[in-house]
Amino acid sequence: MPQGISPSMQRLIRRKLSRVLGGQAQVISLKEIKRKGEWQGYCEVEGRLAQFRFIRGGRQLVVQPLLNVFRWDRSA
């Protein structure tokens, strides 16, 4: 999580994302939007990447699924 965001807000964001996306959410990036109390960023849950926004002071969550992410290791 980026600096400048309180630990309680970080927990709230992870908890709400986990509930909406149905798994343990890992926040990849997070930034504050121009207006105070609104955030947007990217998260990953079980190999699925999604973009999210918290608006209205964190009371409304908008999630847009982007794609499935698979790890591929190329053998030497």
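As a reminder, the structure under discussion sits directly above these lines.
From a predicted model like this one, the values you see are computed outputs, not experimental measurements.

Caption draft 1: Quick look at the overall build of the protein chain. Helix and strand content of the protein chain: one helix and four strands. Here the protein chain, with 76 residues, has 32% of them falling under the buried criterion. For the protein chain, restricting intrachain contacts to residue pairs at least 6 apart in sequence, the fraction spanning at least 24 positions comes to 22%.

Caption draft 2: A look at the nonpolar core. The biggest cluster of nonpolar side chains holds 14 residues, and the ones touching the most others in it are Ile-13, Leu-17, Val-27, Leu-30, Trp-39, Cys-43 and Phe-52. Elements with a contribution of two residues or more to this core: α1 (7-21), β1 (26-32), β2 (39-45) and β3 (48-55). The dominant element in this core, judged by the number of residues it contributes, is α1, at four residues.

Caption draft 3: Quick peek at α1. Here α1 is 15 residues long and its end C-alpha atoms lie 21 Å apart, about the 21 Å a rise of 1.5 Å per residue gives. Looking at α1, one finds that the buried residues are Met-9, Gln-10, Ile-13, Leu-17, Ser-18 and Leu-21. Down the axis, α1 shows its buried residues gathered within 165° of arc, on one side only. Looking at α1, the residues exposed on the side facing more than 90 degrees away from the buried face are Pro-7 and Arg-19. In the stretch just after α1, Gly-22 is the one whose phi turns positive, near 75°.

Caption draft 4: The arrangement of the environment of Gly-37 in detail. By secondary structure assignment, the location of Gly-37 is in the loop between β1 and β2. Separated by 22 residues in sequence, Gly-37 and Arg-59 have C-alpha atoms that sit 9.6 Å apart.

Cut-offs applied
- Residues numbered from 1 in each chain as written.
- Predicted model: local features only at pLDDT ≥ 70, side-chain atom pairs only at ≥ 80, totals over all residues.
- Heavy atoms only, no water.
- Helix = DSSP H or I, 4+ residues; strand = E, 2+ residues; numbered from the N terminus.
- Buried < 20%, exposed > 50% of the residue type's maximum accessible area, 1.4 Å probe, protein only.
- Contact = heavy atoms within 4.5 Å.
- Core = buried A, V, L, I, M, F, W, Y, C linked by side-chain atoms within 4.5 Å.
- Expected span 1.5 Å × (residues − 1).
- Arc of directions from axis to C-beta.

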